[in-house]
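Each chain, letter by letter, is given below.
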Amino acid sequence: MNTYLFDDFAKDLLQIRSFRCFVDQSLVDPDYNTDNPEGVLKEWMEGEDTDPDDFLRNPMPFVLAYKAGREALLAYLERYYDVALEWYEYWEYRHSGFGSGYRCFHVFNSYVLALCSRYYASINETEKAKIACFLFLCRLSYMGDLSEEDYEEGDTPGDLGYYWEVYDLVGLYDAFESFFQSIKEMIGPDWQAVHPSITWNIGRYYLSKNNYRKAREFFSLGASIDYDGRQSIDPFIAVGENQYELGMIYLKGLGVKANPKKALEYFEMAAESAGEPTIPVIQDMRDDGLLPAQVDYVMDVLTGYGDINVYNRDKYVYYKELNEIQTEKLEICADVCLARLPDYDTLSFLRDIYRYRLHDYEKVREVEGRMERLAESAPVEKRSGNMDAVFVSRWKENWKNTVVKPSMNSGSIPKEPKPGDTFFCGTLANEPMEWKVLEINDDGTFFAVTAKVILKMCYNGLIEWLNTDFIENVFTNDEKEHIVAHDYKDLRRSAPTYIYLPERSQLEVLEDLSQPFAETTLAKSMSRDKSIYDIKGISIEPGRFSNIDRNAVRGIRPAMDLYIEAPAKNTVTGH
């Protein structure tokens, strides 16, 4: 967009990449087009049946108001603020039990709240500007720390799921830093579990600016929040994170005199905080060896050491070191359990006991070896998801060392392809790969996807593997001459991308996604899971469409773009 309606009161926000991206992407999204924009906007703004959840969550009224002009946009922002505040107060005072309102923030839109705050500040309604900023910080803190591991450059709002927004944390915090001091008075031990997360995020923001005094001020506020032993795990996690950061400040001497004794006090507070028997804190404590405590998967279920809290199951938690008598008793118990030929999940459980509680790394290697052998030998129908991941990892290693590149083409590229046509190209595990033509392009290329699920893999590292080991070892040089680099904004690789994953919308053109996908013999041997991935790491399962774990094994149907007539360059083997 060349012109923005809020240049006069929110021009600085346009310098933040994620904010500008949100606006641009919203305004061009075809889902927000309508033949009756005035009527639809009026219904959103004035309709008695308008659901507050929908109004706060849906960007459509923002887009309609923006396109209608400045007066409509400002009216929308005032309406959004009123509804957001009513929603917050409803959860806080009239509905919520302690902790249950934490997720009420998933309906808020960070960028619209940012606009609300800027708008009220521009007309000197300081209190409303502060409250809008507070709700905005609650939303950012509810979303957590969106790191590069989860988001790549080029991702846009909505790319990674219904509830997620991509944001530039430092950029947005820079823009609203003037409110932070006044917002401190709104933070306390009420129902709202996100409060210590706000202080944690602001404290880390000041750490990034090397302003250690203010960082310590906000960490201290978050570390001192007392929830009086009420049992909801979320606020205790956040309190412990603030306490950990204070420990790091005193350990490293950041803006204060280094004081290991004081640091240890905060670390111990983080480990055993606010009435919880154990408190999750961040992984760095274990990695850096800063505490006399070790990370654990609530393994005291086996030994009786440490109280069990249902909120802590399957979370990383910290315990103080066992004494000599406890260590001896736990070692005997674990060795007896290991001698009973346990199943895979029990082996995983014991591995963590030997690693984190007993620090017996020789036993860790022994248990891991048994886990690998069990995963490789177990019939596919009896393997768990974790066993599948081990099996696939082993298969990739063995395949790379033993695969023989095919010497003969498995078929031929069709001369006059039509959507729905199939052909053979490439060979995997001695089986020719069958491809289905989905789209014909005007530039002499066409788009094809494997007719069957050919592999079961984890998404992490998949695109890199498909464009290195896979492409080099399943196609002949002649076949590779036809494969052209794919231009897709969501794939960020330094090298060209030739093999990728299809989008759900592309498959829907010719296929019924409510039906199971056909699988090769190899794919069936790797996992019994029937779902597949699309290009964004989303699972396409028969009858549903959802985000899933990127470390989970799922079906793979690679896609590629091909020239009908092989050109002289721009292919896998070209220059």
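Predicted model, so just to flag it, every value in this text is computed and none were measured.

Turning our attention to the overall build of the protein. The secondary structure content of the protein amounts to 24 helices and 13 strands. Per-residue burial for the protein yields a buried fraction of 51% across its 575 residues. For the protein, the exposed area adds up to about 27000 Å²; of that, 47% sits on carbon and sulfur atoms.

Let us look at the side chain of Gln506. With respect to the helices, strands and loops of the structure, Gln506 is situated in helix H23 (residues 504-508). The class for Gln506 is buried, based on a relative accessible area of 14%. Apart from residues no more than four positions distant in its own chain, Gln506 is found in contact with Leu438, Glu439 and Phe447.

Look at any regular strand and the pattern is simple: side chains alternate between the two faces of the sheet. Sheet topology places strand S3 (residues 422-428) next to strand S4 (residues 431-440); five bridges connect them, and they run antiparallel. By the bridge assignment, Leu428 is partnered in S4 with Glu431. Where S3 folds back onto S4 in an antiparallel hairpin, the turn is made up of two residues, including Ala429, whose phi is positive at roughly 55°.

Counted according to the given criterion, the structure contains 34 aromatic pairs. When the centroid spacing of 5.7 Å and the interplanar angle of 70° are considered together, the rings of Tyr173 and Phe180 count as edge-to-face. The pair Tyr173 / Phe180 is uniform in exposure class, with both members buried. In this arrangement the basic side chain of Lys184 is found over the ring face of Phe218, its NZ or CZ atom lying 5.7 Å from the centre.

What follows concerns helix H7 (residues 110-122). A rise of 1.5 Å per residue sets the reference length of H7, with its 13 residues, at 18 Å; its end C-alpha atoms lie 19 Å apart and thus fit the reference within 8%. Summarising burial for H7: eleven of the 13 residues are buried, a large majority. Those residues of H7 not exposed but buried are Ser110, Tyr111, Val112, Leu113, Ala114, Leu115, Cys116, Ser117, Arg118, Tyr119 and Tyr120. Measuring from the backbone nitrogen of Tyr111 back to the side-chain oxygen at the start of H7 gives 3.0 Å, which picks out Asn109 as the cap. In the stretch just after H7, Asn124 is the one whose phi turns positive, near 65°.

Right, let's talk about the nonpolar core for a bit. Core analysis: the biggest nonpolar cluster contains 88 residues, and Phe6, Tyr80 and Phe108 have the highest contact counts within it. Top element by residues in this core is helix H8 (residues 126-143). It accounts for twelve residues. One finds Trp399, Trp435, Val449 and Leu501 within the second-largest nonpolar core, a separate group that totals 51 residues.

Here we come to helix H2 (residues 17-28). Here H2 is twelve residues long and its end C-alpha atoms lie 17 Å apart, about the 16 Å a rise of 1.5 Å per residue gives. Taken together, the buried positions of H2 are Ser18, Phe19, Cys21, Phe22, Val23, Ser26 and Leu27.

This next bit is on the pattern of salt bridges. Tallied over the full model, the rule gives 24 salt bridges. Residues Lys184 and Glu217 are paired through a salt bridge, measuring 2.4 Å at the closest nitrogen-oxygen approach. Of this pair, Lys184 sits in the loop between helix H10 (180-183) and helix H11 (195-208) while Glu217 is found in helix H12 (residues 212-223), placing the two residues 33 residues apart along the sequence. Note on Lys184: relative accessible area 23%, which makes it partly exposed. Taking the relative accessible area as the measure of exposure, Glu217 reaches 21% and is therefore partly exposed. For Asp529, the salt bridge is made with Arg554, and the minimal N-O distance between the two is 3.4 Å. Pair noted here: Asp529 is in the loop between helix H24 (521-526) and strand S9 (532-533) and Arg554 is in strand S12 (residues 554-556), with a separation of 25 residues, a long-range link.

What follows deals with unusual backbone geometry. Look at Asn210: it is not a glycine, yet its phi comes out positive at around 60°. With respect to the element layout, Asn210 can be found in the loop between H11 and H12. Here Asn210 falls in the exposed class, since its relative accessible area comes to 52%.

Turning next to the packing of helix H18 (residues 344-357) against helix H19 (residues 361-377). Their axes nearest at 8 Å, the elements H18 and H19 cross at an angle of 165°. Of the possible angle classes, the one that applies to H18 and H19 is roughly antiparallel. Along this stretch, H18 crosses H19, giving a crossing that reads as left-handed. Where H18 abuts H19, its residues Tyr344, Leu347, Ser348, Arg351, Tyr354 and Arg355 lie against Tyr361, Lys363, Val364, Val367, Glu368, Arg370, Met371, Leu374 and Ala375.

Let us now look at the packing of H8 against helix H9 (residues 169-176). In contact at an axis separation of 12 Å, H8 and H9 are set at 165° when each is read in the N-to-C sense. Classified by the angle between their axes, H8 and H9 sit roughly antiparallel to one another. Our pair here, H8 against H9, has a crossing hand that is left-handed. Residues Cys133, Phe136, Leu137, Leu140 and Ser141 of H8 form the contact with H9, whose participating residues are Leu172, Tyr173 and Phe176.

A contiguous patch of negative charge on the surface is contributed by Glu43, Glu46, Glu48 and Asp49. Relative to the assigned elements, Glu48 resides in the loop between helix H3 (37-46) and helix H4 (52-57). You can call Glu48 exposed: its relative accessible area is 80%.

A few words now on the environment of Gln515. In this structure, Gln515 sits in the loop between H23 and H24. Residues Gln515 and Glu541, 26 residues apart in the sequence, show an inter-C-alpha distance of 8.7 Å.

Time to look at the pairing of strand S13 (residues 559-563). Taking burial as the measure, the five residues of S13 include five buried ones, the bulk of the element. The alternating pattern of S13 places Ala559, Asp561 and Tyr563 on one face and Met560 and Leu562 on the opposite face, and all of these are buried. Pairing analysis gives five bridges linking strand S5 (residues 445-450) to S13, with the strands arranged antiparallel. By the bridge assignment for S13, Val449 is matched with Ala559. For strand S7 (residues 483-484) and S13, the ladder comprises two bridges, and the chain directions are antiparallel.

What follows deals with the confidence of the model for the protein. Here the protein averages 79 in pLDDT, while 77% of its residues score no lower than 70. Averaged over each element, pLDDT in the protein is lowest for helix H16 (residues 300-303) (38) and highest for S3 (95). Every residue in residues 274-287 is under pLDDT 50, and counting partners more than four places away or in other chains gives 55 contacts.

Our next topic: the environment of Leu73. The topology assignment puts Leu73 in helix H6 (residues 70-95). For the pair Leu73 and Leu5, spaced 68 residues apart in sequence, the C-alpha separation works out to 8.1 Å. In this structure Leu73 touches Leu5, Phe6, Phe62, Ala65 and Tyr66, once residues within four positions along its chain are discounted.

Calculation rules
- One numbering rule holds for all chains: residues counted from 1, following each sequence as written.
- Only residues with pLDDT of at least 70 get local features here, since the model is predicted, and only at 80 or more are side-chain atom pairs given and counted; chain-wide, interface and lining totals rely on the full set of residues.
- As a rule here, side-chain values cover all heavy atoms of the structure and leave hydrogens and water aside.
- Secondary structure elements are taken from DSSP: a helix is a run of H or I of four residues or more, a strand is a run of E of two residues or more, and numbering for both begins at the N terminus.
- Partly exposed describes any residue whose relative accessible area lies between the buried limit of under 20% and the exposed limit of over 50%, with all areas from a 1.4 Å probe on protein chains only and scaled to the type maximum.
- Each accessible area is a Shrake-Rupley result for a 1.4 Å probe, and residues are judged covered by the shown protein chains and nothing else.
- Contacts between residues were defined by any pair of non-hydrogen atoms, one from each residue, lying within 4.5 Å.
- Following DSSP output, two strands are said to pair if at least two bridges run between them.
- Side-chain rings of Phe, Tyr and Trp (the six-membered ring for Trp) are treated as a pair once their centres are within 6.5 Å; stacked means planes under 30 degrees apart, edge-to-face means over 60, and tilted covers the remaining angles.
- Our definition puts a charge over a ring when NZ of Lys or CZ of Arg is within 6 Å of the ring centre and also within 35 degrees of the ring normal.
- In this analysis, the expected span of each helix is defined as 1.5 Å times one less than the number of residues it contains.
- N or O atoms within 3.5 Å of each other form a polar contact, as long as, within protein, one can give a hydrogen and the other can take it, and as long as residues adjacent in sequence are counted only when both atoms are side-chain atoms.
- Buried residues of nine kinds, namely Ala, Val, Leu, Ile, Met, Phe, Trp, Tyr and Cys, make up a nonpolar core once their side-chain atoms join them within 4.5 Å.
- When a carboxyl oxygen of Asp or Glu lies within 4 Å of a side-chain nitrogen of Lys or Arg, that pair is called a salt bridge.
- Angles here are taken between N-to-C directions and fall from 0 to 180 degrees, while the axes themselves are lines fitted to C-alpha atoms, restricted in helices to the stretch in contact.
- Between 65 and 115 degrees an angle is taken as roughly perpendicular, under 35 as roughly parallel, over 145 as roughly antiparallel, and anywhere else as oblique.
- Two helices crossing with the near one rotated counterclockwise from the far one by less than a right angle form a left-handed crossing, whereas a clockwise rotation gives a right-handed crossing.
- Note on patches: the residues involved have over 30% relative accessible area and no salt bridge, like charges join within 9 Å, and the nonpolar side chains Val, Leu, Ile, Met, Phe, Trp and Tyr join within 5 Å.
- Two residue types count as positive, namely Lys and Arg, and two as negative, namely Asp and Glu; His and chain ends fall outside the count.
- The atoms used to mark charge sites are NZ of Lys, CZ of Arg, CG of Asp and CD of Glu.
- Scored between 0 and 100, pLDDT is the confidence that the predictor attaches to each residue.

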